[in-house]
Amino acid sequence: MKQEIIIFHNFLERSQLPLNIENCSSEACTISGFSGSFVEFIMQESEKSHARAGRYKREGELPFFGKMLFEPVLPPLEYSVLHPYAASINLNDVIWDLYFSKILPKLAKTGSDNDKSLCAVSDTKLLQVLSKRVHNSMFLAEAKFRDSPDLYEVAIQQQNVGKLKELLICSEMDERRRRVQERTKFFGESFKAQIELGGKLFDTYLEPLIVEVQVQYLLLKGRDDSSSSRAARKLIRLSALSKTKQGVLRAGPSLEYFAKAVVIFTFAVMVSAKDKILEFLTKKGLVPDKASLAFLVLCFVSAKGAYDTLKQGKEVVDLVKYYAKLLEKDKKQPKL
C-alpha cells in the first residue's frame, strides 16, 4: 500500500503541472549528441546514477533503458525470493506507452510553459514508481502461491492463462476495495477529485498490468522444469500443510522410534485398563473368552492405528529430504 500512496502523491504533483507535450518529442530535444526526447534523456541519466548504487540488481527493479547502465560500485545483496528468471518479465515498454498516450493526457493540465524540466523530472519519478509497483506484483504472486499452492499448481502445470487470471482477479477485487479505503483515509477530502481521477487511472490502466505480471510470473514457474524448481514448489506445498503436520515434519529422524514408543505405550495403557474393559464388555453381554478376544483386537487396532499415523509422518519427512537433496544437487551443478 505504501507504493500506491507514493503513486498518488506523484499523480497529485503531476496534475498541477501542464502537459508540455514537447518533452516527449525527439525533434524538440536540442541536447547535443543525444537522439531522443527530453524525458528519455532525464530517465537515462537518472537510471545511470541509480545503477551505480545497485538499484537494478535488486529483485523487482527493472530499468527502462537497461543497455545504457553502469555496473554498481557496491557488491550486490545476497538474497533471493523470486524465481531465478523473474527479471525476464519486463513490461516497461508497455508502461511507457500507456503513460504518455493514456494516463498523462488525462492527468496533466493542457498546454505548455517554460519550465519543461520540472515536468520531465515529475514524469520520470512517476514512471519509475509505476514500474516498481507493477513489477513488484511478482512478490505478491509468489506470496499468493506460497499461501495457497494447491489453488494455483494445476493451472501452472497446465499453463492455463484463463484460470490464473480468474484466480488473481478475484483476489485483486479485495485489494481494490482495500486500496480505496486506504486512499480515502490517507488523503481525506482535500484532494477528492484528483484522487478519484488517479483511482480511475490506476484501476483502468495499471491493475490489468499488475494481474498480467502475476500471470506471467506463475506461468514461468511451470515452464521451468528443472529438478530444483519442481522441488521448490513441492516444498512450498508441504509448508502449507496444517500445523499438526508441520509438527510431525519437525520431529525429524526420531519419528520411527517415537512410533514404536507409541505402540508400547498404547499396549501398556490397554493392559492397565484391562479389568475395567473386560468388566465393561461383560456387562454388555460378552462372555469372558469373547471379551478377552475383543480386548486383544482392540489393542491391536489401537496400536496399528497409532503406528500407521506416525509412519505417514515419516513418509512426509522422507519426501522433504528427497527434495532437499535435489535442491542441493542443482546447486552443485555448474551454471551454463
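Let me begin by describing the structure that accompanies this report. Keep in mind the model is a prediction, meaning the values are calculated, not measured.

**A short note on the layout of surface pockets**
Then, number 1: In this structure, the second largest pocket occupies an estimated 370 Å³ of space.
Then, number 2: For the lining of the second largest pocket, the class distribution of residues is eight nonpolar, two polar and five charged.

**Description of the pattern of salt bridges**
Then, number 1: One pass over the structure, following the stated rule, counts 10 salt bridges.
Then, number 2: Note that Glu-4 and Arg-133 form a salt bridge whose closest N and O atoms lie 2.9 Å from each other. Here Glu-4, found in helix 1 (residues 2–15), pairs with Arg-133, found in helix 4 (residues 116–135); they are 129 residues apart in sequence, far enough to count as distant.
Then, number 3: Judged by its relative accessible area of 4%, Glu-4 falls in the buried class.
Then, number 4: For the salt bridge of Glu-13 with Lys-125, the shortest nitrogen-to-oxygen distance reads 3.5 Å. With Glu-13 in helix 1 and Lys-125 in helix 4, the pair connects residues that are 112 residues apart, well separated along the chain.
Then, number 5: Under the relative-accessibility criterion, Glu-13 is labelled partly exposed at 33%.
Then, number 6: The exposure class of Lys-125 is partly exposed, given its relative accessible area of 38%.
Then, number 7: Members of the salt-bridge network, linked through shared partners, are Arg-55, Glu-61 and Lys-132.

**Some remarks on empty space enclosed by the protein**
Then, number 1: Tallied over the entire structure, the rule returns one cavity of 30 Å³ or more.
Then, number 2: Of the voids in this model, the largest cavity is the one considered here, and its volume is about 40 Å³.
Then, number 3: Every residue lining the largest cavity is listed: Glu-47, Arg-55, Tyr-56, Gly-60, Glu-61, Leu-62, Phe-64, Gln-128, Ser-131 and Lys-132.
Then, number 4: In terms of residues, the lining of the largest cavity owes the most to one element, helix 4, which gives three residues.
Then, number 5: Residues of the lining of the largest cavity, tallied by class, amount to three nonpolar, three polar and four charged.

**A few points about the packing of helix 4 against helix 8 (residues 192–223)**
Then, number 1: At a minimum axis separation of 8 Å, helix 4 and helix 8 run at an interaxial angle of 45°. Between helix 4 and helix 8, the crossing angle belongs to the class labelled oblique. Mapping the contact onto sequence places Leu-130, Arg-133, Val-134 and His-135 in helix 4 and Phe-202, Leu-206, Leu-209, Ile-210 and Val-213 in helix 8.
Then, number 2: A class-by-class count of the residues in the contact of helix 4 with helix 8 yields seven nonpolar, one polar and one charged.

**Things to note about helix 8**
Then, number 1: End to end, helix 8 covers 45 Å across 32 residues, agreeing with the expected 46 Å (1.5 Å per residue, within 8%).
Then, number 2: The sharpest bend along helix 8 reaches about 40° and sits at Leu-206, with the proline Pro-208 one to four residues further on.

**Structural notes on the packing of aromatic side chains**
Then, number 1: If you walk through the whole model with that rule in mind, you get seven aromatic pairs.
Then, number 2: Both rings, one in Phe-8 and one in Phe-11, keep their centres 5.6 Å apart while their planes meet at 80°; by these two values the pair is edge-to-face. Taken as a pair, Phe-8 and Phe-11 lie in helix 1 at a separation of three residues, close to a single helical turn. With respect to burial, Phe-8 and Phe-11 carry one shared label: buried.
Then, number 3: These aromatic residues form a ring-pair network of at least three members: Phe-64, Phe-65, Trp-96, Tyr-99 and Phe-100.

**Here's the deal with unusual backbone geometry**
Among all residues save glycine, negative phi is the norm, and among peptide bonds the norm is trans.
Then, number 1: A positive phi angle, near 50°, is found at Asn-20, a position not held by glycine.
Then, number 2: Take Asn-20: it is sitting in the loop between helix 1 and helix 2 (38–52).
Then, number 3: Positive phi, normally seen in glycine, also occurs at Gln-159, with a value near 55°.
Then, number 4: With respect to the helices, strands and loops of the structure, Gln-159 is situated in the loop between helix 6 (149–158) and helix 7 (161–187).
Then, number 5: Here Gln-159 falls in the partly exposed class, since its relative accessible area comes to 28%.

**What to know about helix 2**
Then, number 1: Compared with an ideal rise of 1.5 Å per residue, which puts 15 residues at 21 Å, helix 2 spans 22 Å between its outermost C-alpha atoms and is within 8% of the ideal.
Then, number 2: Those residues of helix 2 not exposed but buried are Val-39, Met-43, Gln-44, Ser-46, Glu-47, Lys-48 and Ala-51.
Then, number 3: In this fold, the buried residues of helix 2 make contact with helix 3 (92–107) and helix 4.
Then, number 4: Looking one or two residues past helix 2, Gly-54 carries a phi angle of roughly 90°, positive in sign.

Rules of the game
Residues numbered from 1 in each chain as written. Predicted model: local features only at pLDDT ≥ 70, side-chain atom pairs only at ≥ 80, totals over all residues. Heavy atoms only, no water. 1 Å grid on protein atoms, 1.4 Å probe; cavity = no way out; pocket = protein on both sides within 12 Å on 5 of 7 lines; lining within 4 Å. Points joined across faces, edges and corners; volume = space filled by probe spheres on them. Nonpolar A, V, L, I, M, F, W, Y, C, P; charged D, E, K, R; others polar. Salt bridge = Lys/Arg side-chain N within 4 Å of Asp/Glu carboxyl O. Helix = DSSP H or I, 4+ residues; strand = E, 2+ residues; numbered from the N terminus. Buried < 20%, exposed > 50% of the residue type's maximum accessible area, 1.4 Å probe, protein only. Axes fitted to C-alpha atoms, helices over the stretch in contact; angles between N-to-C directions. Parallel < 35°, antiparallel > 145°, perpendicular 65-115°, else oblique. Contact = heavy atoms within 4.5 Å. Expected span 1.5 Å × (residues − 1). Bend = angle between axes of the 7 residues up to and from the residue. Phe/Tyr/Trp six-rings, centres within 6.5 Å; stacked < 30°, edge-to-face > 60°.

The analysis is restricted to geometry; functional conclusions fall outside its scope.
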